[in-house]
Amino acid sequence: MASVVVENLTKEFGNVKAVNDINLKVNDGEFLVLLGPSGCGKSTLLRMISGLEFPTYGKILIGENDVTRTIPKDRNISMVFQNYALYPHMTIGENIKFPLESRGYNKSEIKEKVEWASELLKISDLLDRKPRETSGGQRQRTALARALVRDPEVFLMDEPLSNLDAKLRHSAREEIRQFQNQVKITTIYVTHDQIEAMGLGDRIIIMEDGIIKQIGTPKEIYEKPDNLFVARFIGSPAMNILSKQDYYIGFRPENLEIEEIFKGSKDDAFKIELSVNRVEFLGNDTLIYCSSDLTDEVITSKIISNEKLNIQAGNKYQFFIDNKSIFKYSKDTEKLI
Ligand SMILES: Nc1ncnc2c1ncn2[C@@H]1O[C@H](COP(=O)(O)OP(=O)(O)OP(=O)(O)O)[C@@H](O)[C@H]1O
Ligand SMILES: [Mg+2]
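Numbers given for residues are sequential positions, taken from 1 along each chain in its written order. Throughout, the order in which chains and ligands are written sets their labels, letters from A for the former and numbers from 1 for the latter. Residues qualify for local features only when their pLDDT is at least 70, as the model is predicted, and side-chain atom pairs are given and counted only at 80 or more; totals for whole chains, interfaces and linings, by contrast, use all residues. Side-chain descriptors were evaluated using all non-hydrogen atoms of the structure, hydrogens and water having been removed beforehand.

The omega angle of the peptide bond from Ser236 to Pro237 is -5 degrees, so this bond is cis rather than trans. Here Asn8, not a glycine, exhibits a phi torsion of approximately 45 degrees, which is positive. We count a stretch as a helix when DSSP gives it H or I for four or more residues in a row; a strand needs E for two or more, and each element gets its number in order from the N terminus. Looking at the secondary structure, you find Asn8 in strand β1 (residues 4–13).

Our next topic: the nonpolar core. Membership of the largest hydrophobic core comes to 39 residues, with the highest contact counts inside it found for Val80, Phe155, Ile176, Phe179, Tyr189 and Ile206. For this core, the element with the most residues is helix α4 (residues 136–148), which contributes 5 residues. What makes two residues a contact is simply this: any of their non-hydrogen atoms within 4.5 Å. Residues in contact with Phe155, not counting those within four places in the same chain, are Ser78, Val80, Leu144, Ala147, Leu148, Phe179, Ile185, Thr186, Thr187 and Ile188. To qualify as a nonpolar core, a set must consist of buried Ala, Val, Leu, Ile, Met, Phe, Trp, Tyr and Cys residues joined through side-chain atoms within 4.5 Å. Note on exposure labels: buried denotes an accessible area under 20% of the residue type's maximum, exposed denotes more than 50%, and partly exposed covers the range between, all computed with a 1.4 Å probe on protein chains only. By size, the runner-up hydrophobic cluster in this structure holds 26 residues, among which are Ala2, Leu9, Leu46 and Leu156.

Neighbouring ligand 1 are Phe13, Ala18, Pro37, Ser38, Gly39, Cys40, Gly41, Lys42, Ser43, Thr44 and Glu159. Counting of polar contacts relies on pairs of N or O atoms within 3.5 Å, with two restrictions inside protein: one atom must be capable of donating a hydrogen and the other of accepting it, and residues adjacent in sequence are counted only when both atoms are side-chain atoms. In the model, an oxygen atom of ligand 1 is placed 3.2 Å from a nitrogen or oxygen of the Cys40 main chain. A total of 640 Å² of accessible area belongs to ligand 1 in isolation, and the protein chains cover 57% of it. Top contributing element to the shell around ligand 1 by residue count: helix α1 (residues 42–50), with 3 residues. Residue polarity is assigned by list, with Asp, Glu, Lys and Arg as charged and Ala, Val, Leu, Ile, Met, Phe, Trp, Tyr, Cys and Pro as nonpolar; anything else, Gly included, falls into the polar class. Its residues assigned to classes, the shell around ligand 1 comprises 4 nonpolar, 5 polar and 2 charged. Only a single heavy atom is needed: when it lies within 4 Å of a molecule or strand, its residue is near that molecule or strand. Methods summary: accessible areas were calculated by the Shrake-Rupley approach with a probe of 1.4 Å, and residue burial reflects only the protein chains presented.

Within the secondary structure, Thr187 is located in strand β8 (residues 186–191). Look past the residues within four positions of Thr187 in its chain and what remains in contact with it is Val26, Glu30, Phe31, Leu32, Phe155, Met157 and Gln180.

The description of an aromatic ring pair rests on the distance of the ring centres and on the angle between the ring planes. Pairing of aromatic rings covers Phe, Tyr and the six-membered ring of Trp, with a centre-to-centre limit of 6.5 Å; geometry is then stacked below 30 degrees between planes, edge-to-face above 60, and tilted otherwise. Under the criterion given, the structure shown has 5 aromatic pairs. Seen in terms of ring centroids, Phe229 and Phe233 are 5.6 Å apart; in terms of plane orientation they differ by 15 degrees. Their pairing is stacked. A residue pair is termed a helical-turn pair when its members lie 3 or 4 positions apart in one helix, as Phe229 and Phe233 do in helix α8 (residues 228–233) at 4 residues. Charge-over-ring placement is defined geometrically: NZ (Lys) or CZ (Arg) within 6 Å of the ring centre, and within 35 degrees of the ring normal. Directly above the ring of Tyr222 sits Arg252, whose terminal nitrogen or CZ lies 3.9 Å from the centroid.

Working convention: axes come from line fits to C-alpha atoms, limited for helices to the stretch in contact. Angles between N-to-C directions cover 0 to 180 degrees. Look at helix α2 (residues 92–101) against helix α3 (residues 107–120): their axes get within 10 Å of each other, and the N-to-C directions meet at 135 degrees. By the angle between their directions, the pair α2 and α3 is classed as oblique. Both α2 and α3 take part in a crossing whose hand is right-handed. Residues Ile96, Lys97, Leu100 and Glu101 of α2 pack against Ile110, Lys113, Val114 and Ser118 of α3. For this classification, under 35 degrees means roughly parallel, over 145 means roughly antiparallel, 65 to 115 means roughly perpendicular, and everything else is oblique. Working rule for handedness: look at the near helix, and if it is turned counterclockwise from the far one by less than a right angle, call the crossing left-handed; if clockwise, right-handed.

Here the limits of each domain have been adopted from an automatic or database domain assignment. Its domain assignment divides the protein into domain 1 (4–229) and domain 2 (239–330). Opposite the 8 residues of domain 1 that make contact, domain 2 presents 7 residues. Taking both sides of the interface into account, the surface hidden between domain 1 and domain 2 amounts to around 540 Å²; carbon and sulfur atoms contribute 63%. Joining two parts hides part of their accessible area as seen by a 1.4 Å probe, and the buried area is that hidden amount summed over both. Looking at the side of domain 1 facing domain 2, the largest losses of area belong to Tyr222, Pro225 and Leu228, adding up to 86% of the total buried there. Our count for the contact surface shared by domain 1 and domain 2 stands at 3 residue pairs in polar contact (both at pLDDT 80 or more).

Another point: empty space enclosed by the protein. Here a cavity denotes grid points, spaced 1 Å and computed from the protein atoms alone, that fit a 1.4 Å probe unable to get out, and a pocket denotes an open set having protein on both sides within 12 Å along at least 5 of 7 lines; residues with an atom within 4 Å of a point are the lining. Grid points are joined across faces, edges and corners, and a volume is the space filled by probe spheres set on the points. In total, this model carries 1 cavity of 30 Å³ or more according to the counting rule given. Considering only enclosed or pocket space, the largest cavity measures out at about 30 Å³ in volume. Forming the walls of the largest cavity are Tyr222, Gly235, Ser236, Pro237, Arg252, Pro253, Glu254 and Lys302. When its residues are assigned to classes, the lining of the largest cavity shows 3 nonpolar, 2 polar and 3 charged.

A word on the pattern of salt bridges. Here, a salt bridge means any side-chain nitrogen of Lys or Arg that lies within 4 Å of a carboxyl oxygen of Asp or Glu. Tallying each qualifying case throughout the model produces 16 salt bridges. The partner of Arg169 in a salt bridge is Glu196, with the nearest N and O atoms 2.8 Å apart. With Arg169 in helix α5 (residues 166–183) and Glu196 in helix α6 (residues 194–200), this pair connects stretches of sequence that are 27 residues apart. You can call Glu196 buried: its relative accessible area is 1%. Linking Asp322 and Lys324 is a salt bridge whose minimum nitrogen-to-oxygen distance equals 3.9 Å. For Lys324, a relative accessible area of 75% corresponds to the exposed category. What you see here is one network of salt bridges that share partners, running through Arg169, Asp193 and Glu196.

Following this line, the structure appears as structure tokens:
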């Protein structure tokens, strides 16, 4: 196991700065998630750490070693891509042991490692099947097992779950997290799915246009978004933003409460009258979509479904937001005030 340190890392493709002067330290055994919209530089950053791409400037250390200019084979890393192609003519077992055979491990070592990884990932019963005879999730786990048997110091994953359906994705996410907890290999995981990021990461890095917008635990990022970009990016439905004189105010849908159920002190709250356009029942929660003269954007309130409340679309209601739940962002810098 090892930490990963990135110093002033930059990658230019012609005029595009895909990664722009990034500094970061991934701690030994940590599960770090890179999150951001398409094109923000996540894969480029990961590919530089893996050695598939060399930086234009900057430095990469794995443990004590400066690996900036070494090829992937000489970095002790394993990588799982979005298209985790398995060899179709080989069985699941042969797929898993393939990287070991080409690295000259002996037979008993190979057997031991394949047993360990396949048990960990619950595919021991499938070792004699061909990939086409398994499910998407099982193939996914085979790819993870194949990356794991190599005993990497660092595990790099680039959207490894993106072609699974929602249910499978959720269970595969759980499995990844569980086995990472067991093996404690330093892991960097790329996704553009914030729910996945929040669920998986010890810490999350949020990127935009090649730079880091915020690093923190899921809780820190949700409870204190440093800037308007992160405020808008994290949370579903998204944070409501209103424009005031010199700053923006932001408040999460769950903190925007209709008068009837608001339990806080009205003296310490921001009051706003909203027209309700639509009420969406989602089971446990209900979303209330509103509009206001103060913004063109939809304002959303999220409440626990309450049978007694009778909210009619087309009517106006008073809503309250506890002052403690309001974020202010400078119009100038878009940073949290
Ligand atoms: N080989 C390349 N040549 C030129 N431009 C590239 C190359 N690879 C990436 N880019 C550009 O660099 C930027 C970052 O790309 P990157 O693949 O790192 O984004 P990403 O965050 O992984 O996006 P996605 O979520 O869509 O996978 C993009 O603007 C992309 O077009
Ligand atoms: Mg990518």
